[in-house]
Every structure is written in structure tokens, then in C-alpha cells.
Amino acid sequence: MQSSSSDITGTSADGGQAPPPQDIAHADLQLGHLTGPQVMGLSISSFIPAVGLSAVPAFLAAYTGRSSWLAMAASVVAFTIIGLFVTAFARRFIGTGSLYSYIRHVFGSWSPLVIAAAMVPGYIVVVMVLVVSLGLYVGSFLMSVGVSSAAGPEIQLVIYVLAALIAMGIAYRGLDVSVRSSVILTVVSVPVMLVITVATAFGGNVDLASQLSLSDFTFNSFLQGLAIGSTFFIGFESSAALGAETRNPTRAIPRAIMVIPVVLGMAFLAATVIQVPTLVDSADQLALGVSPNAVLAEAAGVGFLSNISDLVLAAAVFASLIGFFNYGSRVVVSAASDGLLPSALTKVSKRYKSPLAAIAFLGVPSLVGPPVMLWLTSSTPLEIYGYIATLLVYFWVIPYFLICIGGAVLLNRLSPRKSVLVNIGAALASATVLWLYVNGILYPAPGPLSALPYVMIGTVAVFLVGFVASVRSKRRTSISA
């Protein structure tokens, strides 16, 4: 995919306003098909509002106690700044490769290879994380209704395979079916967690005074909380991969990107303020394995929602799985179109206008990886989820770091008078992103988790070498022909 001839400012050679530069998308995709509300709906659904309302406060409370809100607020600010740098590209360029497509407009031919080497395996890991997460919630629900073996490898394997195959089938049926399915599942799932959160707010245990006093604040716990809070925004810019398939993308895509850190980020922050006091006071129950949503529901007097909450959270995760099959497959198609991956991965269904081969490329590892880990290791589904989710965060460090620096370069070219503010923002955002990786080295978790920063680097290196070799091979073939 090569960029069009318009320059970086979007001005044509004769001084008129040129159309925004765009990467050449596969002609069989549904170019210009999605409306702004559809892109927005899929973006919100993919970031699982119901799960965020449940999981964000619980994870933060375990590390940062009653000061959790401060770490969450810092995460929201950092990813809002990152989002502004991403949208600096999204308002000017249209593509199907998300950050992979954008970065070439600043740093040239080497930068897409580096970002693709992180994002392609990253999207494979995203799918695996969501499949395992779905297994956790469905397994928890089944155990609550008497299926005691629901966390065992046999039932988990069935859940993994069914979840991946059904989500792949929906993604294959095209964007309209994907959007409709994801939005319906999200609309169904959000009310339960909203009721639990609102009931908690009126339950008399919010305790703003102790939270604002920062009595348990330490800089180390704050940095740990910053890393945890940031993980819930990983991949938030993925809707940019649908740019070529969206109407008025330079308007719709930036909105779909920014809704995650701004709207969902503020919702997660509010949930943190409301829920953390109850979660801190219920640490003993959580240590015994009681789910955070069950603890909150019982404490708020809506215990009848504790069992059903696991089921609706599973529905929310499935909505996200559909979304990321669509996003990731477009990035794979872009990389294949550029010669980084086999050309067979550019195949698009003539009937449904969906990248079938790329969807399968993302889905097959999730049919193999998590089941193999369950069968060949002594790890529980929750431990496997922790390994894969942690690895996922590391894969996005390189793309976000480069896009922050690249966004600053782009904006400095366009508006030199704002350079100081832009550069400060770039420094803060890139430092936050870099901390996500450094944190895993300075404060290594026990067991396999401590090796994951190096697993990420090794994987990126292997993909990068493969991409370089593929591009050079195809270039030589083209010259000889």
C-alpha cells in the first residue's frame, strides 16, 4: 500500500484543498460503507464497558488501595494525550492498517515494519486474551449453577473453540452483522454492572474523604496502578483500521478513537471512586476467589445480580472478540498487501466483503494456544489469562511510543507555534507507555510473567526479520520479472 500524492498538509499542488492522503485499500472491501454511529458503536463495544466497570476498580484496589482513583486519573490523561496524537494522523490520512498505516507518513519505510512486527502478533494475542477471558466468565457462571468442572480443561476447551469459531463466523459475515451483534451484546451487558455500581454508590460506603486524603499513597503503588489502569486502554485506536471502509473517515474515526479514553475512561474512573472502598473492605472475600461483581452486588443489596453478572460479562467479552477480529484482520490485510505477509492473506470474500483469510490467520492460534496451555501445564485458566494479558500490553508499547513521537513530529511541522505544548505532551505520553514495559522488568512478577518482556522483544525481532526478508524477496522477484 502506498500513500497518495497529496502532501502532508492536505493541500494540492495548485493551492486548492486536496482529498486526505490515503493508503490503497483492497478493492473488494466495503469501502466507505460504515456510518459514523456504526464505527462508534463497534469501538465502544470492543472495549467492553461492562467488564471495565467490574475489573478496573478491582485490579487497582489490589495494588493501590483507596488511592486508586489517582492512578486511574493519570491513566485517563495519558491515553487521552496518546489519542490526540493518533487522531492527528486520523484526521489527515486514511488507511486499513491503523498505526501501521499512519507511521510511514512521518518516519518513512522502516517504521511500518517495526510497528507491524509488534501489532501483527499483538492482534493474535488480543484474540487469545478475549477467548480465555470468555472462558473465565462462562466457567464462573456454570460453576454458580452447579457445574463444578467448568474450570477444567475439557469444558474450557469447548468454550474456547466455540467462542473463536462463532466470532470468526460473525466477522466473516461482514461489518454490518459484526456491528449489530456487538452493539446488541453490549447493550444487554452494561445495565447489570451499572445497577451494581449505582447501588454501591448509594450503599453508604463510598467514603470520598479517605480517598482524597491519599493516606495510603506511595509513589511505587501509584506507578503500579498507572501500569494497571493503562492496560485497559490497550488497542483503543483499533477502529482506525476501518478508515477506508468508513464514510467521512477523517471525522468519524477520530471520534471513535477518542471516545475510549475520554468517555469510557471517565466512566471507569467514576466506577473506581465508587467501588474501591467496598472492595478494599472486602479483601478477604476477594482472596477466597469471590468475583468483584459478586462482592459488590451482595454489599449493595442486589445480590440476585451476582450470578447473572458473570453471564452478561461473558456476552460483553464476546462483543469485543467480534470487534477485534474485524480490526486485526484489516491490519493483516494491509501488511500482506505491502508484501510483509503472504499475499493469500489479502483474500476478501466477494459475497460478504470480509477478509476471510486474515480472520482465519488471527483465529487459528486461539484454537490451539490456550487449549495447549491448559492441557500441557498445571496453570489454571485465570493464570493463563494473566500470562497472555500481560504479554498483550508489552506488544503495544512500541507502536504507542513511535506514534507519540511521530505525532509530535507531524504537529510540529504543521503548527510550530504549539511545539512546546506538543512536545511536553509527547514526553508525558511516551514516558507512560515506556513505563508499561519498564515496570515489568523493574518489578518482575513471579514465574513465567517475569520472562514476558523478553518474550515480546524476541517475538518482535523474529517478525521483523521475517518481514524484512519477505519484502526484499518480493522486491527481487519484481525486478527480475
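Since this is a predicted model, take the numbers as computed values, not measurements.

Geometrically, a packed helix pair is captured by the angle between its two axes and the distance between the axes. Put simply, helix α2 (residues 49-64) and helix α11 (residues 249-281) touch, their axes get as near as 8 Å, and they point 50 degrees apart. With respect to each other, α2 and α11 are oriented oblique. Relative to α11, α2 is oriented so that their crossing is right-handed. The segment α2 lies against α11, with P49, G52, L53, S54, V56, P57, A58, L60 and A61 engaging L264, A267, F268, A271, T272, Q275, V276, L279 and V280. For the contact of α2 with α11, the per-class residue count stands at 14 nonpolar, four polar and no charged.

Residue placement: I424 occurs in helix α18 (residues 419-442). For the pair formed by I424 and A408, sequence separation is 16 residues and the distance between their alpha carbons is 9.3 Å.

Taking 1.5 Å per residue, 15 residues should reach 21 Å; helix α16 (residues 381-395) reaches 21 Å between its end C-alpha atoms and fits that length. Among all positions of α16, only P381, I384, I388, A389, L391, L392, V393, Y394 and F395 are buried.

Moving on, we get to the confidence of the model for the protein. The predicted model of the protein averages 88 in pLDDT, with 94% of residues at 70 or higher. The element-level mean pLDDT for the protein is lowest in helix α12 (residues 283-287), coming to 80, with helix α1 (residues 36-46) highest at 96. Note on residues 1-20: pLDDT under 50 across the span, and 38 contacts to partners over four residues away in sequence or across chains.

The next point concerns the nonpolar core. In terms of nonpolar packing, the biggest core is built from 147 residues, with F79, I82, Y102, L321, F325, W396 and Y400 touching the most fellow members. Of all the elements, helix α6 (residues 110-144) adds the most residues to this core, at 20 residues. Setting aside its immediate chain neighbours within four residues, Y400 contacts F79, I82, L99, F233, I234, G235, F236, E237 and V433.

Turning our attention to the pattern of salt bridges. Counted according to the given criterion, the structure contains four salt bridges. Here E245 and R330 are joined by a salt bridge, their closest N and O atoms 2.8 Å apart. Note that E245 is positioned in the loop between α10 (219-231) and α11 and R330 in helix α14 (residues 306-337), a separation of 85 residues in sequence. An identical accessibility class is assigned to E245 and R330; each is buried.

Across the interface, helix α17 (residues 397-414) lies against α18 with an axial gap of 9 Å and an inter-helix angle of 175 degrees. By the angle between their directions, the pair α17 and α18 is classed as roughly antiparallel. Mapping the contact onto sequence places V397, Y400, F401, C404, I405, A408, L411 and N412 in α17 and S419, V422, N423, A426, A429, S430, V433, L434, L436 and Y437 in α18. Looking at the contact of α17 with α18, its residues break down into 14 nonpolar, four polar and no charged.

With that out of the way, let us pick up the packing of aromatic side chains. A complete count under the given rule lists 18 aromatic pairs for this structure. With centroids separated by 6.3 Å and ring planes inclined at 45 degrees, the aromatic side chains of Y123 and F324 adopt a geometry described as tilted. Of the two residues, Y123 sits in helix α6 while F324 sits in helix α14, which places them 201 residues apart along the sequence. Like Y123, the residue F324 is buried in the burial classification. Put simply, the rings of F47, Y123, F324, Y327 and W396 pair up and form one aromatic cluster. Between R104 and the ring centre of Y100, over which it is positioned, the NZ or CZ distance is 5.3 Å.

Before going further, it helps to examine the environment of D338. Assignment of secondary structure puts D338 in the loop between α14 and α15 (356-376). Expressed as a C-alpha distance, the spacing of D338 and P365, which sit 27 residues apart in the sequence, is 23 Å. In this structure the side chain of D338 is engaged in a polar contact, spanning 2.4 Å, whose partner is the side chain of Y100.

Right, let's talk about unusual backbone geometry for a bit. With phi around 55 degrees, L214 is a residue other than glycine that occupies positive phi space. In this fold, L214 is placed in the loop between α9 (208-212) and α10. When its relative accessible area of 28% is taken as the criterion, L214 is described as partly exposed. Notably, K353 is not glycine yet its phi reads approximately 60 degrees, a positive angle. Here K353 falls in the partly exposed class, since its relative accessible area comes to 29%.

Conventions we followed
Residues numbered from 1 in each chain as written. Predicted model: local features only at pLDDT ≥ 70, side-chain atom pairs only at ≥ 80, totals over all residues. Heavy atoms only, no water. Axes fitted to C-alpha atoms, helices over the stretch in contact; angles between N-to-C directions. Helix = DSSP H or I, 4+ residues; strand = E, 2+ residues; numbered from the N terminus. Parallel < 35°, antiparallel > 145°, perpendicular 65-115°, else oblique. Left-handed = near helix turned anticlockwise from the far one by under 90°. Contact = heavy atoms within 4.5 Å. Nonpolar A, V, L, I, M, F, W, Y, C, P; charged D, E, K, R; others polar. Expected span 1.5 Å × (residues − 1). Buried < 20%, exposed > 50% of the residue type's maximum accessible area, 1.4 Å probe, protein only. pLDDT = per-residue confidence, 0-100. Core = buried A, V, L, I, M, F, W, Y, C linked by side-chain atoms within 4.5 Å. Salt bridge = Lys/Arg side-chain N within 4 Å of Asp/Glu carboxyl O. Phe/Tyr/Trp six-rings, centres within 6.5 Å; stacked < 30°, edge-to-face > 60°. Lys NZ or Arg CZ within 6 Å of the ring centre and 35° of its normal. Polar contact = N/O pair within 3.5 Å; in protein donor to acceptor, adjacent residues only side chain to side chain.

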